[in-house]
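Inside the fold
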Amino acid sequence: MSRMQKCLAGVVAVCAVFFLFVVIRVGIAKPNDTSVKAAAISHENYAHLGKAAYRDAYPLEYNSYMKNNLTDPSPTGYGGSMPENSYLIIEPEIMENFKGYKFSVQYDVARGHTYAGVDQINSKRIPPQKGNCIACKGSWMYDKWFKESGWEFASKPFAEATPPYTDKDTVEGTDLYFGCSSCHDPDTMELRVYQQGFVDSMARRGIDVNNAPHNDKRAYVCGQCHNEYYFMAEDGRVNHPFDNGWNPEQEFQFYQSGQAGAFKQDWVHPDSKTPMLKAQHPDFEIWIDSVHGENGVTCVDCHMPFMRENGKKYTSHWMTSPLKTTESSCLKCHDESKEVLIARVKTIHDNNFKLQRIAGLTVAQAHLTVKAAMDAGATDEQLAAARLKLREAQWYWDWISAENGNGFHNPDKCMRVSGLAIDLAHQVIEEVNALVKGTVLPLPAQLPPPPEGTKAYINGQWTM
């Protein structure tokens, strides 16, 4: 046998051994990990729509999910999960910008998903809301109401539509709020998107979210609720202004063009008499064209990383800041040190928050400028163009203020949009002052005070 023949024989032998290993590993050997096998979950009293029924079948996932009960500060000082941590103290300009609307009554930093029921049922904003408010608080809206009667529940009084609970003040007593079925089919445990408003809105863009590639669904199960939405005036159903694109300018045009149907505004501002829009946490739209989004890095990769316990690999269901799980969430891809990554995120948060606050304060000043012009005799006709710009300026400020990443999910986009808000608000102030040569008092002197008893966690301590 020649030297060449010997080499070829060696290569063939190695390939044969490798092929045999693959056949044995894939076709014969069984994985020594039973934690992710689908288990039968009881449907009695709708237990499959809650959390507790999954405890024994999926202990690793369940125990990590219950870590969402933790109430501790954010690693960068922004957000956190403490109860009654109010934006009305952290960002006082909110009191003017949302004047006349329920977000000036109570607007707290969101806690973990396990508190979805406790915090919604006890919210001062609930009366007199409708059933559509439960759409993103768990799959009860789909598995109970939508399967029975479509969107009929959306117009029911909130108290009739909400999932049943035994204690409105505890996670255990509100078990049927936001459980495993919110992201998983309770019978197969496959990922699913239940929120029908999102399903329909994405379908208008040609995307079938429940038949999408698995990695896309890892974003859609979060994006179905972490997005901008509104309630259709015709029947109360949830809809999303995605038709024109993912940017706030395109969503604003959706509302302006009549694509939202009979829905025109959320409220009329009592000072400037401007018809206003309230943005809702557009995390999905901010992420989708970010560096992470365009490279297939989804919400789950960072906020729910793979973990190991006793030799078993599982997906963490502690949906928290990646800076609390940096080794698993960030360092699997990034080669910087943990300290460098945290410092980078802190810088992004600092810069975004500063610009966002400048935008919010300038918008508040614009409302007061329009009010001063009205008091000085300016007419609705004279103020029409300025009010339209003010509506748009607050929309851009709120779009950034309402998102949950404090700029990190897409720093360039967030800074750009805050800049748009500042520019438009300044245009309002200049144009209105030119009308009447009005004078407005310094802003801090005119901001409404927060409701009595409101508090916030700032710089490591509680402030009233």
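Residues numbered from 1 in each chain as written. Predicted model: local features only at pLDDT ≥ 70, side-chain atom pairs only at ≥ 80, totals over all residues. Heavy atoms only, no water.

Considering the overall build of the protein chain
When helices and strands are counted, the protein chain shows 17 helices and eight strands. Residue burial in the protein chain is summarised as follows: out of 464 residues, 47% are buried. In the protein chain, the proportion of contacts linking residues at least 24 apart, taken out of those at least 6 apart, comes to 68%. (Helix = DSSP H or I, 4+ residues; strand = E, 2+ residues; numbered from the N terminus. Buried < 20%, exposed > 50% of the residue type's maximum accessible area, 1.4 Å probe, protein only. Contact = heavy atoms within 4.5 Å.)

Here's the deal with the packing of aromatic side chains
A complete count under the given rule lists 30 aromatic pairs for this structure. Grouping aromatic residues by their ring pairs yields a cluster made of Tyr 87, Phe 98, Tyr 101, Phe 103, Tyr 107, Trp 267 and Trp 397. For Arg 205, the ring lying beneath its charged end belongs to Trp 246, and the centroid distance is 4.4 Å. Its end group placed over the ring of Phe 306, Lys 313 keeps NZ or CZ at 4.3 Å from the ring centre. (Phe/Tyr/Trp six-rings, centres within 6.5 Å; stacked < 30°, edge-to-face > 60°. Lys NZ or Arg CZ within 6 Å of the ring centre and 35° of its normal.)

Quick notes on helix α17 (residues 411-436)
When the terminal C-alpha atoms of α17 are compared, their 38 Å separation across 26 residues agrees well with the 38 Å that a helix rising 1.5 Å per residue should span. Those residues of α17 lying buried are Lys 413, Cys 414, Val 417, Ser 418, Ala 421, Ile 422, Leu 424, Ala 425, Val 428, Ile 429 and Val 432. In this structure, the buried residues of α17 make contact with α10 (248-256), α11 (283-288), α15 (338-375) and α16 (380-401). A positive phi of about 55 degrees marks Lys 437, the residue just after α17. (Expected span 1.5 Å × (residues − 1).)

What to know about the pairing of strand β5 (residues 306-309)
In terms of strand pairing, β5 meets strand β6 (residues 312-315) through four bridges, oriented antiparallel. Counterpart to Glu 309 in the pairing with β6 is Lys 312. Hairpin connection, β5 to β6: the antiparallel pair is bridged by two residues, and Asn 310 has positive phi, about 55 degrees. (Pairing = 2+ DSSP bridges.)

Some words on the state of the cysteines
Counting across every chain of the model gives one disulfide. As a non-bridged cysteine, Cys 183 has Cys 222 as the owner of its nearest cysteine sulfur, 6.1 Å distant. (Disulfide = S-S within 2.5 Å.)

Let's talk about unusual backbone geometry
Each neighbour pair has its own omega, and for Pro 127 with Pro 128 the value is -5 degrees, a cis peptide bond. For Pro 128, the position within the fold is in the loop between α5 (116-121) and α6 (140-149). You will see that Lys 273, though not glycine, has its phi angle at about 60 degrees, which is positive.

Thoughts on the pattern of salt bridges
All chains considered together, the criterion is met by 20 salt bridges. Among the ionic pairs, Lys 278 bridges to Asp 398, the shortest N-O distance being 3.1 Å. Placement of the pair is Lys 278 in the loop between β4 (275-276) and α11 and Asp 398 in helix α16, with a sequence separation of 120 residues. Accessibility classification places Lys 278 together with Asp 398 in one group, the buried group. For the salt bridge of Asp 350 with Lys 346, the shortest nitrogen-to-oxygen distance reads 3.0 Å. Remark: Lys 346 and Asp 350 occur in helix α15; sequence separation between them is four residues, near one turn of the helix. The network of salt bridges with shared partners includes Asp 143, Lys 147 and Arg 192. (Salt bridge = Lys/Arg side-chain N within 4 Å of Asp/Glu carboxyl O.)

Some points on the nonpolar core
By size, the foremost hydrophobic cluster in this structure holds 48 residues, and its most contacted members are Tyr 107, Tyr 255 and Trp 395. Sequence-distant contacts of Trp 395, defined by excluding residues within four places in its chain, comprise Glu 228, Pro 248, Glu 251, Phe 252, Tyr 255, Leu 277, Lys 278 and Ala 279. In this structure, Leu 49, Ile 121, Trp 145 and Tyr 177 belong to the second largest nonpolar core, which totals 19 residues. (Core = buried A, V, L, I, M, F, W, Y, C linked by side-chain atoms within 4.5 Å.)

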